[in-house]
Amino acid sequence: MKFSPKHYWRIFREGMSQVVRSYPVELALAAYACAVWFAAYEAEWSQGYCRAAVVPLFFVLALAVNRLAGGGPWRRVYWVSWMPLIPLSVWSGLNGWIGSTQYLVSLLILSPLALLLCRRGARNERFVSDTLVWLRSLLLAELFANVALGLFAAILFSTTYIFGLRGDWIEHVWMYAVILAESLAAPCLFLLMAQRWRDAVIEGNRILTVLLDYIVAPALLIYTAILYLYAAKILFTWSLPEGGVAYLVFGFTLVALCVKALQLVLEKRRYDWFFDRFSLVSLPLLLLFWVGVARRIGEYGLTEPRVWLVICGGVMTLCVFCFLAPRTARYRWVCAAAFVVFASVAYVPVLGPERIAVRSQLRRALTAAGRLDLLRPDGTLQLDAFRQIDSARKADFRTFYEAADYVADRDTVLFGQFGVPMREIRAAVPQAYADYVIYGWNRAADTVEVVEVVWSAEAPRGFGVETLGGYSTLYTCWRDWKSGDAPYYLLDDSALRIHFGAVRPDAVIPREQLLGHLLRQAGIPEGSVPDEAVIRKNNDKLLVYTTPELAVVFSEVRFERDGSVLRIEGADVDVVLTR
């Protein structure tokens, strides 16, 4: 077929004429977003970007009402569907709301669900076709708009580079193009394609058939077998599943449900025997999911991501149970239930995930505090109890600190019942257990008898050694690994090895000899274990090692106490002097 620009221009012109007649409010909203974006850019009006970010929500709302109302008496609702944009645009808290979970849920979850629900057909085939139409229209609109934008960028920046053009106008032209492409061209193309394919029945092509039948579906079967084997292992060993298994089961079930829906557009359905019985097959996996969720929550309490996992898991479970019986197997009903659930969670304060998570962590902190006798009769925290930390109860202290820190970051009013600020709780943790209790690191409190503490002697700015005389050669630029070029040094378990290359023989300083020399030089008796204050007081004397043949100046020496034994944990060589 011969390519005819006039033919395609006529199709585009007629399609846009139909879009203008069918979607006037949506086009007006797109133009408004474009104008606000221009104003925000030109006037450096940061709040303008937030006002432009709200427009997609009302664009989708108007489009959904438009499809629902049709040309009947409910059409009047369509004409005023944009009006809540006015009070929202002048709301003083709009900037904060744009970055909130409510906005993200509205934009990424509620808006797509509203488009899926705006068609009245309840048959699954019609529902899947409408979903694919929306998705294809969106992807192609963004593709065409951004390809055009990319070509324009290539022309603009190539021209300015070739002819040596300079000036702020280049950035302005580029930003104008971005704004026009994203706020006006892409929405218009989306409406054009959605209108053109409005009642289309999508049929799977060969690419989709190969992708689903020969790649995705076999992978799902293998994954199903793996999860069943894991469930059998749990039954055989009579143990609880790992908490992270919940995320694996959720991802698997979500993909399987999407592939199950796409089976409806395929001409030959090779795996109907599996997907028709998927609800039955997934029941043991759902049990695995909820046991994993319960274990994770029981061990660590609820956090905001875990609350969302529970909500998404509830919707997933509802979908699986709906498809157990043919009479209730409707994607439309599942989407309607999901819309109600997510809208309630996002906009009903008592159901907010953050509030639920904070109260869960508060209960977790109070439970741990009760086991440790940390609370006074009036409910305030007694910091002296932190001095009683030992290895047997370190896990409970870690639990309390982790939960209390979560509450302090998100609700200062609830945290106020402890009567002390979080910084004082952090300061009350003994140094020996600080890494474990505060950060969860096991290095400092993973045994009963051994506690490791590390101190450092560091060279201050301008540090020098004026007393080192009689040496003739200075070596600098030392590396602490063997890169093939000298000089380099290596501190291993037995000694500090200094490699000069071919210019002179290597020097080997045993660890014990190095430690003893540094301690004697600082006036610290050998065999004693100095505290951090002594290390700090003798900082400069602990940075130099001297013998008749050479002197080593360190930029840092790290001392480690392990019980009653002091050793050098690490050292950084700065310069070496030799005779």
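Scroll up to find the structure.
Below is a summary of the structure that appears in this document. (Residues numbered from 1 in each chain as written. Predicted model: local features only at pLDDT ≥ 70, side-chain atom pairs only at ≥ 80, totals over all residues. Heavy atoms only, no water.)

Considerations on the overall build of the protein
Moving on, step 1. Scanning the protein for helices and strands turns up 22 helices and eight strands.
Moving on, step 2. Its C-alpha radius of gyration of 34 Å places the protein more than 25% over the 25 Å reference for a compact globule of 579 residues.
Moving on, step 3. When its C-alpha atoms are laid out on the principal axes, the protein stretches across 100 × 70 × 55 Å.
Moving on, step 4. Across the protein, every contact between residues at least 6 apart in sequence was considered, and the portion connecting residues at least 24 apart equals 69%.
Moving on, step 5. Approximately 31,700 Å² of the protein is accessible, and the part contributed by carbon and sulfur atoms is 62%.
Moving on, step 6. Computing the positive centroid from 58 side-chain charges and the negative centroid from 53, the protein places the two 13 Å apart. (Helix = DSSP H or I, 4+ residues; strand = E, 2+ residues; numbered from the N terminus. Rg over C-alpha atoms; globule rule 2.2 N^0.38 Å. Contact = heavy atoms within 4.5 Å. Areas by Shrake-Rupley, 256 points an atom, 1.4 Å probe, with all protein chains shown as cover. Lys, Arg positive; Asp, Glu negative; His and termini not counted. Charge placed at Lys NZ, Arg CZ, Asp CG, Glu CD.)

Focus: empty space enclosed by the protein
Moving on, step 1. A complete count under the given rule lists two cavities of 30 Å³ or more for this structure.
Moving on, step 2. A volume near 40 Å³ is recorded for the second largest cavity.
Moving on, step 3. Taken together, Arg67, Arg119, Asp130, Val133, Trp134, Ala194, Trp197 and Arg198 make up the lining of the second largest cavity.
Moving on, step 4. Here the lining of the second largest cavity gets three residues from one element, more than from any other, and that element is helix H8 (residues 124-162).
Moving on, step 5. For the lining of the second largest cavity, the residue count by class is four nonpolar, no polar and four charged. (1 Å grid on protein atoms, 1.4 Å probe; cavity = no way out; pocket = protein on both sides within 12 Å on 5 of 7 lines; lining within 4 Å. Points joined across faces, edges and corners; volume = space filled by probe spheres on them. Nonpolar A, V, L, I, M, F, W, Y, C, P; charged D, E, K, R; others polar.)

Observations regarding the sheet that holds strand E5 (residues 507-510)
One key point about sheets: their strands pair by backbone hydrogen bonds, in either a parallel or an antiparallel sense.
Moving on, step 1. Strand order across the open sheet formed by three strands is E3-E4-E5, with antiparallel pairing between neighbours. On the outer flanks of this sheet lie strand E3 (488-491) and E5, each paired with one strand and no other. Each strand of the sheet is rotated relative to its neighbour by a mean of 10 degrees, with strand direction disregarded.
Moving on, step 2. As judged from the four bridges shared by strand E4 (residues 495-499) and E5, these two strands associate in the antiparallel manner. Its bridge partner lying in E5, alanine 495 is registered against proline 510.
Moving on, step 3. Helix H21 (residues 511-521) rests against E3, E4 and E5 of the sheet, and its axis sits at about 70 degrees to E5. (Pairing = 2+ DSSP bridges. Axes fitted to C-alpha atoms, helices over the stretch in contact; angles between N-to-C directions.)

Quick word on the packing of helix H10 (residues 206-237) against helix H11 (residues 245-262)
Moving on, step 1. Direction vectors running N to C along H10 and H11 enclose 145 degrees, while the axes themselves pass 11 Å from each other. Where H10 crosses over H11, the handedness of that crossing is left-handed. For the pair formed by H10 and H11, the contact residues are Leu212, Val216, Leu220, Tyr223, Thr224, Leu227 and Tyr230 on the first element and Val245, Leu248, Val249, Phe252, Val255, Ala256, Val259 and Leu262 on the second.
Moving on, step 2. Split into classes, the residues belonging to the contact of H10 with H11 amount to 14 nonpolar, one polar and no charged. (Left-handed = near helix turned anticlockwise from the far one by under 90°.)

Overview of the packing of aromatic side chains
Moving on, step 1. Tallied over the entire structure, the rule returns 19 aromatic pairs.
Moving on, step 2. On the numbers, 5.3 Å between centres and 70 degrees between planes, the contact of phenylalanine 38 with tyrosine 176 is edge-to-face. Of this pair, phenylalanine 38 sits in helix H2 (residues 24-42) while tyrosine 176 is found in helix H9 (residues 169-196), placing the two residues 138 residues apart along the sequence.
Moving on, step 3. On the basis of relative accessibility, which here comes to 23%, the residue phenylalanine 38 falls in the partly exposed class.
Moving on, step 4. Residues tryptophan 273 and phenylalanine 274 carry aromatic rings whose centres are separated by 6.1 Å and whose planes lie at 65 degrees to one another, so their mutual orientation is edge-to-face.
Moving on, step 5. The lysine or arginine in question, arginine 136, covers the ring of tryptophan 197, its NZ or CZ lying 4.0 Å from the ring centre.
Moving on, step 6. Between arginine 410 and the ring centre of tyrosine 406, over which it is positioned, the NZ or CZ distance is 3.7 Å. (Phe/Tyr/Trp six-rings, centres within 6.5 Å; stacked < 30°, edge-to-face > 60°. Buried < 20%, exposed > 50% of the residue type's maximum accessible area, 1.4 Å probe, protein only. Lys NZ or Arg CZ within 6 Å of the ring centre and 35° of its normal.)

Some words on the layout of surface pockets
Moving on, step 1. Here the largest pocket defines a volume of roughly 1,800 Å³.
Moving on, step 2. In terms of lining, the largest pocket is formed by 48 residues, of which the most central are Leu108, Ser111, Pro112, Leu113 and Leu116.
Moving on, step 3. Only H2, helix H3 (46-69), helix H7 (101-117), H8, H9, H11, helix H14 (304-322) and helix H15 (331-347) provide two or more residues apiece to the lining of the largest pocket.
Moving on, step 4. Tallying contributions element by element places H8 first for the lining of the largest pocket, with nine residues.
Moving on, step 5. Partitioned by chemical class, the residues of the lining of the largest pocket number 43 nonpolar, three polar and two charged.

What to know about the nonpolar core
Taken as a class, soluble globular proteins show a tendency for nonpolar side chains to be buried jointly.
Moving on, step 1. Formed by 110 residues in total, the largest nonpolar core has its most connected members in Leu374, Phe386 and Phe400.
Moving on, step 2. In this structure, phenylalanine 386 is in contact with Leu374, Leu381, Phe397, Phe400, Ile425, Ala428, Val429 and Pro430, ignoring residues within four places of it in sequence.
Moving on, step 3. Judged by nonpolar contacts, the second largest core, of 29 residues, contains Tyr475, Ile509, Leu542 and Leu566. (Core = buried A, V, L, I, M, F, W, Y, C linked by side-chain atoms within 4.5 Å.)

Things to note about the environment of aspartate 411
Moving on, step 1. Counting through the fold element by element, aspartate 411 comes out in the loop between helix H17 (394-410) and helix H18 (412-415).
Moving on, step 2. Taking relative accessible area as the criterion, aspartate 411 reaches 24% and is therefore assigned partly exposed.
Moving on, step 3. Once the C-alpha coordinates of aspartate 411 and glutamate 354 are considered, the two residues, 57 residues apart in sequence, prove to be 9.5 Å apart.
Moving on, step 4. Polar contacts involving the side chain of aspartate 411 include one to the main-chain amide nitrogen of valine 413, which spans 3.1 Å. (Polar contact = N/O pair within 3.5 Å; in protein donor to acceptor, adjacent residues only side chain to side chain.)

Points about a nonpolar patch on the surface
Moving on, step 1. Residues Trp79, Val80, Trp82, Met83 and Ile86 make up a contiguous nonpolar surface patch of about 480 Å² in total accessible area.
Moving on, step 2. Looking at the element boundaries, tryptophan 79 is found in helix H4 (residues 75-80). (Patch = residues over 30% accessible without salt bridge, like charges linked within 9 Å, V, L, I, M, F, W, Y side chains within 5 Å. Salt bridge = Lys/Arg side-chain N within 4 Å of Asp/Glu carboxyl O.)

Some thoughts on the pattern of salt bridges
Moving on, step 1. Considering all chains together, one arrives at twelve salt bridges under this definition.
Moving on, step 2. Here the residues in one salt-bridge network are Glu556, Arg558, Glu569 and Asp572, joined through shared partners.

Considering the side chain of glutamate 304
Moving on, step 1. Tracing the backbone through its elements, the reader meets glutamate 304 in helix H14.
Moving on, step 2. Buried glutamate 304, no salt bridge; nearest opposite-charge side chain is arginine 410, N-O distance 5.1 Å.
Moving on, step 3. Of note is the side chain of glutamate 304, whose polar atom sits 3.4 Å from the side chain of threonine 101.
Moving on, step 4. Beyond its immediate stretch of four places on either side in the chain, glutamate 304 contacts Thr101, Pro353, Glu354, Ala357 and Tyr406.

Structural notes on the pairing of E3
Moving on, step 1. In terms of strand pairing, E3 meets E4 through four bridges, oriented antiparallel. When the bridges of E4 are listed, leucine 491 appears paired with leucine 496.
Moving on, step 2. The loop that links E3 with its antiparallel partner E4 comprises three residues.

Side note on the environment of alanine 343
Moving on, step 1. The residue alanine 343 is located in helix H15 in this model.
Moving on, step 2. With a relative accessible area of 22%, alanine 343 lands in the partly exposed category.
Moving on, step 3. With 234 residues separating them along the chain, alanine 343 and isoleucine 109 place their C-alpha atoms 9.1 Å apart.
Moving on, step 4. The residues contacting alanine 343, other than those within four sequence positions of it, are Leu110 and Val348.

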